[in-house]
Number of protein chains: 2
Amino acid sequence: MRPVPRHSILSNYDLLRKEGKISRFSDKISDILHNIYSECISFLSTKSCEDLTSLVTGKNYIAFSNGNKLSRAINKDIFEPNILRWESFRNAIHSNDINSFNADEITKILYSMAISFCASIDLLKDGDQKTPGTFFEYFIAFFFTWRVGIEPTSSIQILNIDGENTELKTDFVYNLGQNKRKFHMPIKTSTRERSIMLWAHQKLLDGVYGTERFMGTPVLLAETKRDKKKKEVVEICLPDQWRVYQLYIAKLKRIYYLDPPEVYKDLSNVFPPLIVKPFGEFFFEWSELMPS
Amino acid sequence: MRPVPRHSILSNYDLLRKEGKISRFSDKISDILHNIYSECISFLSTKSCEDLTSLVTGKNYIAFSNGNKLSRAINKDIFEPNILRWESFRNAIHSNDINSFNADEITKILYSMAISFCASIDLLKDGDQKTPGTFFEYFIAFFFTWRVGIEPTSSIQILNIDGENTELKTDFVYNLGQNKRKFHMPIKTSTRERSIMLWAHQKLLDGVYGTERFMGTPVLLAETKRDKKKKEVVEICLPDQWRVYQLYIAKLKRIYYLDPPEVYKDLSNVFPPLIVKPFGEFFFEWSELMPS
């Protein structure tokens, strides 16, 4: 068999991983994200697009298909693959002034970019979950790193009374400086039955560094699951379990989504408070998130 | 396309799931496990078997292949696909006297049964992790349920001061009666990067029902990973992380494996104690596992 040439979306993804190791936020990364988005839009525009049957109240979904491959579900109401919108947001970011955008617009721009990549990979590869997951990490870290102005680390030192050095691998942590808040930010395309891991990692940081010294603010893409045969979409949500985790394991400060499930948004109004929001809101509230 | 008839290993697996819903330990389940083992042995005996390159000190691995499919790694030293050994162990179980077997023999018999099924599925299906995982749950639950003499449940009630009934889905829990020990037993073919979930579920039970009222005793198959191209086998182990989980999240009483990684066994000798053992030992020590 002759090797299939790597699609330019994938070679740009390779570049992203390479550059992302040097810095999470840079002009280079910004260029690569731009190129990936632009290529994903053209790639998807050559594919057919169909409506899926939504079993989620108030949401409508589409999917792209390529031969017998069907992409993941895309929330039609916030999907707007418009490169110009992204360009103007990008300019706003690089000039450090995003006040002409509101939270919903930002969520929409970021959702469209992230889901375009995931859907393209669904059509380019076979059951590959790793590539979308890794892309999403670099993608969100770019914006978070810009917003808080420092680079994250992905490991912390564990105090070890016996003198050995134990380094614990973590999700991204952003240390804003001595006596200041620190963010603990897992980034995942979805949680499904693994959601307890978000709270477990928070509990670990609470144990090692003191309760809520790190604020847990995971960023997630969506919780959709589409049945390929029936072309139906559901959201896999476990709100009762999340309340129990928030009560008995640890406290997460926020859970951000690009496409937040409605049932999770309702958790803000009951005890224990668990505030689930569109990620766009982070850009405006981040500096006010104080431990309490 | 004409539908491919379901292989008898798979139709027996369907039966196992059906019967397992009625009772975890019964003569019927025992028959089904017997049939599955016997079919897996004949199925694998028609396939070619090759040595893999072991990167794990002191362990040797083989794999079965079928066309371009290669099964998961099988630890050669404890793999003994001998239906007669199982039959005599089965008789011992049904007559409630296993004293003619030692822990290592039991581990070997159970490992051979479990890995035969997993390897067969690797060759019969494409990248199916769910079927081996579900089988392994029913398989281990059969022996555990026999040993402790009661059926497990897989959900618990959460005390809810607001009067709602909250039912929390859990891994298997075995409630040995009022004021007696209770077991909390996740069953997984491997943990890899999800191992923190074992401690998180324990922490949850500690929070809801009181610290260590439930004893966490997960049962795992192995932690091997084989590279298909290079035909190399490694064990994915994170002993330093496990120590940190045991210190800062919750205490697991035991972690049982059918093929225990050596680096985990060493955790018994350092602080915090974390006792990782071959599952065969459970059969002889279970009644002495008291909360401490």
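Residues numbered from 1 in each chain as written. Chains lettered and ligands numbered in written order. Predicted model: local features only at pLDDT ≥ 70, side-chain atom pairs only at ≥ 80, totals over all residues. Heavy atoms only, no water.

A. Representation of a positive patch on the surface. A cluster of basic residues, Arg17(A), Lys21(A), Lys130(A) and Lys225(B), forms a positive patch on the protein surface. Judged by its relative accessible area of 63%, Lys21(A) is exposed. (Patch = residues over 30% accessible without salt bridge, like charges linked within 9 Å, V, L, I, M, F, W, Y side chains within 5 Å. Areas by Shrake-Rupley, 256 points an atom, 1.4 Å probe, with all protein chains shown as cover. Salt bridge = Lys/Arg side-chain N within 4 Å of Asp/Glu carboxyl O. Lys, Arg positive; Asp, Glu negative; His and termini not counted. Charge placed at Lys NZ, Arg CZ, Asp CG, Glu CD. Buried < 20%, exposed > 50% of the residue type's maximum accessible area, 1.4 Å probe, protein only.)

B. Structural context of the interface of chain A and chain B. In this assembly, 23 residues from chain A lie in contact with 23 residues from chain B. At the boundary of chain A with chain B, total buried surface from both sides reaches about 2100 Å², with 71% on carbon and sulfur atoms. In terms of surface lost to chain B, no three residues of chain A exceed Met197(A), Leu204(A) and Tyr248(A), which account for 26% of the buried area on that side. Across the chain A-chain B interface, the total number found is zero salt bridges. Joining chain A to chain B, the criterion identifies zero residue pairs in polar contact (both at pLDDT 80 or more). Sort the elements by how many residues they give to the side of chain A that touches chain B and helix H6 (residues 196–209) of chain A lands first, with eight residues. (Contact = heavy atoms within 4.5 Å. Buried area = accessible area lost by both parts, 1.4 Å probe. Polar contact = N/O pair within 3.5 Å; in protein donor to acceptor, adjacent residues only side chain to side chain. Helix = DSSP H or I, 4+ residues; strand = E, 2+ residues; numbered from the N terminus.)

C. A look at the relation of the copies chain A and chain B. For the pair chain A and chain B, the relating rotation is 180°, the translation along its axis is 0.0 Å, and the fit reaches an RMSD of 0.0 Å. Such a combination of rotation and displacement between the chain copies is what one expects of a two-fold axis. Scanning chain A for the C-alpha nearest the rotation axis identifies Ala200(A), at a separation of 2.7 Å. Same-surface contact between copies: 100% of interface residues of chain A are shared with the interface of chain B. (Least-squares fit on C-alpha atoms with pLDDT ≥ 70 in both.)

D. Local environment of the environment of Asn66(B). Residues and elements named next belong to chain B. Within the fold, asparagine 66 resides in strand E3 (residues 61–66). Sequence-wise, asparagine 66 and lysine 47 are 19 residues apart; in three dimensions their C-alpha atoms are separated by 6.2 Å. Beyond its immediate chain neighbours, meaning those up to four positions away, asparagine 66 contacts Phe43, Lys47 and Leu123.

E. Broad picture of unusual backbone geometry. Across the junction of Phe271(A) and Pro272(A), the peptide omega takes the value -5°, indicating a cis bond. Within the secondary structure layout, Pro272(A) lies in the loop between helix H8 (262–265) and strand E15 (276–278). Although it is not a glycine, Asn179(B) adopts a positive phi angle of roughly 60°. Along the chain, the position of Asn179(B) falls in the loop between strand E7 (166–175) and strand E8 (182–185). Notably, Lys231(B) is not glycine yet its phi reads approximately 55°, a positive angle. Here Lys231(B) lies in the loop between strand E12 (224–227) and strand E13 (232–235).

F. View of the sheet that holds strand E14 (residues 255–257) of chain A. All names here are of chain A. Across the sheet, which stays open at both edges, the four strands sit in the order E9-E11-E14-E15 with parallel pairing between neighbours. The open sheet is flanked by strand E9 (187–188) and E15, the only strands paired with a single partner. Here E9 runs beside strand E11 (residues 219–220); their pairing, made up of two bridges, is parallel. Bridged to lysine 188 within E11 is leucine 220. (Pairing = 2+ DSSP bridges.)

G. Quick look at the nonpolar core. Membership of the largest hydrophobic core comes to 63 residues, with the highest contact counts inside it found for Phe89(A), Leu110(A), Phe139(A), Phe183(A), Phe279(A) and Phe283(A). At 12 residues, helix H4 (residues 103–124) of chain A tops the list of elements feeding residues into this core. In terms of nonpolar packing, the next biggest core, distinct from the first, is built from 62 residues, Leu10(B), Ile98(B), Ile121(B) and Ile187(B) among them. (Core = buried A, V, L, I, M, F, W, Y, C linked by side-chain atoms within 4.5 Å.)

H. Spatial organisation of the packing of aromatic side chains. For the structure on display, the rule yields 56 aromatic pairs over all chains. A ring pair is formed by Phe139(A) and Phe143(A), whose centres lie 5.2 Å apart and whose planes are at 75°; its orientation type is edge-to-face. Of this pair, Phe139(A) and Phe143(A) are both found in helix H5 (residues 130–148), four residues apart, which corresponds to roughly one turn of the helix. For Phe143(A), a relative accessible area of 0% corresponds to the buried category. An angle of 75° between the planes, with centres 5.6 Å apart, marks the rings of Tyr256(B) and Phe282(B) as edge-to-face. Placement of Tyr256(B) in strand E14 (residues 255–257) and of Phe282(B) in helix H9 (residues 282–285) is noted, with a sequence separation of 26 residues between them. Neither residue differs from the other here; Tyr256(B) and Phe282(B) are each classed as buried. (Phe/Tyr/Trp six-rings, centres within 6.5 Å; stacked < 30°, edge-to-face > 60°.)

I. Up close: helix H6 (residues 196–209) of chain B. Residue and element names in this part refer to chain B. The end-to-end C-alpha distance of H6, which contains 14 residues, comes to 20 Å, matching closely the 20 Å that a straight helix rising 1.5 Å per residue would cover. With 12 of 14 residues buried, H6 is to be regarded as a mostly interior element. Along H6, the residues classified as buried are Ile196, Met197, Leu198, Trp199, Ala200, His201, Gln202, Lys203, Leu204, Leu205, Asp206 and Val208. Two residues or fewer past H6, glycine 210 is found with a positive phi of approximately 105°. (Expected span 1.5 Å × (residues − 1).)

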